[in-house]
Amino acid sequence: YHLYSLMHQNELAKNIKRHAATLNFFRAGIAKAEKLDGTHLDEWLNRGFHGEMAYMKDRRDLRLDVQTLVQGAKSIIVCAMNYYTPYETTTASDEGRISRYAWGDDYHDVLRARLKELLAYIQELAPGTTGRVFVDSAPVMEKEWAIRAGVGWQGKNANVLTRDWGSWFFLGEVIVDIELEYDEPYA
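Quick caveat, the model's predicted, so the values are computed rather than measured.

Participant: Mind laying out the sheet that holds strand S1 (residues 27–32), listing which residues take part and the relevant values?
Facilitator: The four strands lie next to each other as S1-S2-S6-S3, forming an open sheet whose pairing is antiparallel. Looking at strand neighbours, the two that pair on one side only are S1 and strand S3 (131–134), the edges of this open sheet. Averaged over neighbouring strand pairs, the angle between their axes works out to 20° when direction is ignored. Two strands pair when backbone bridges link them, and S3 and strand S6 (residues 169–176) are joined in this way by four bridges, in the antiparallel orientation. Residue Val133 lies in a different strand from S6, and its bridge partner there is Val174. Of the strands in this sheet, strand S2 (75–82), S3 and S6 are in contact with helix H5 (residues 107–125), which crosses S6 at around 35°.

Participant: Summarise the packing of aromatic side chains; cite the residues concerned and give the values.
Facilitator: With the rule as written, the count across this model stands at five aromatic pairs. Ring geometry for Tyr107 against Phe170: centres 4.1 Å apart, planes inclined by 5°, an arrangement best described as stacked. A residue pair is termed long-range when its members are at least 10 positions apart, and Tyr107 in helix H5 and Phe170 in strand S6 qualify at 63 residues. A relative accessible area of 9% means that Phe170 is categorised as buried. Among the aromatic side chains, those forming a connected cluster through ring pairs are Tyr83, Tyr107, Trp168 and Phe170. If you follow Arg148 out to its NZ or CZ, it ends over the ring of Trp145, 5.4 Å from the centre.

Rules used in this analysis
- Residues numbered from 1 in each chain as written.
- Predicted model: local features only at pLDDT ≥ 70, side-chain atom pairs only at ≥ 80, totals over all residues.
- Heavy atoms only, no water.
- Pairing = 2+ DSSP bridges.
- Helix = DSSP H or I, 4+ residues; strand = E, 2+ residues; numbered from the N terminus.
- Axes fitted to C-alpha atoms, helices over the stretch in contact; angles between N-to-C directions.
- Contact = heavy atoms within 4.5 Å.
- Phe/Tyr/Trp six-rings, centres within 6.5 Å; stacked < 30°, edge-to-face > 60°.
- Buried < 20%, exposed > 50% of the residue type's maximum accessible area, 1.4 Å probe, protein only.
- Lys NZ or Arg CZ within 6 Å of the ring centre and 35° of its normal.

Printed below as a string of structure tokens:
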């Protein structure tokens, strides 16, 4: 039974990643949903790096345990979508500049719709699965989960990086209550 379960988890994970690619995610990785060590977060908060963002401190415990967001969570699927565009930005000093990530539709809406489609696909493959999608909308430590899911590594600039797209991508998560095959994290 255990061997079948592992084979099923492996096949399910492969199908999820293939489907994520059809939704325009250039990478999808899977991490085991487990409580995070709060040492680094506590140091960051104690040094006041959160500035006026009191919610960072107020929601500390929620950030460290995804079980508070999705009861019974077992897997976190982290998806990365590229936002780079080759179009030139203005260099005129009398014109405003808009960051490339803000060009086009609101990425929260775009990613959320695609992640919901991915969750629906997972529920088709594994009926009875429950889960939620997140795009900057909850206290999810998305950079930590991206690293644990093998999506990329954290650079000196504190961004998650990949060899193919640098930091030109958005992250979104699907947290589900089923076990999947987990990817190796970046060290």
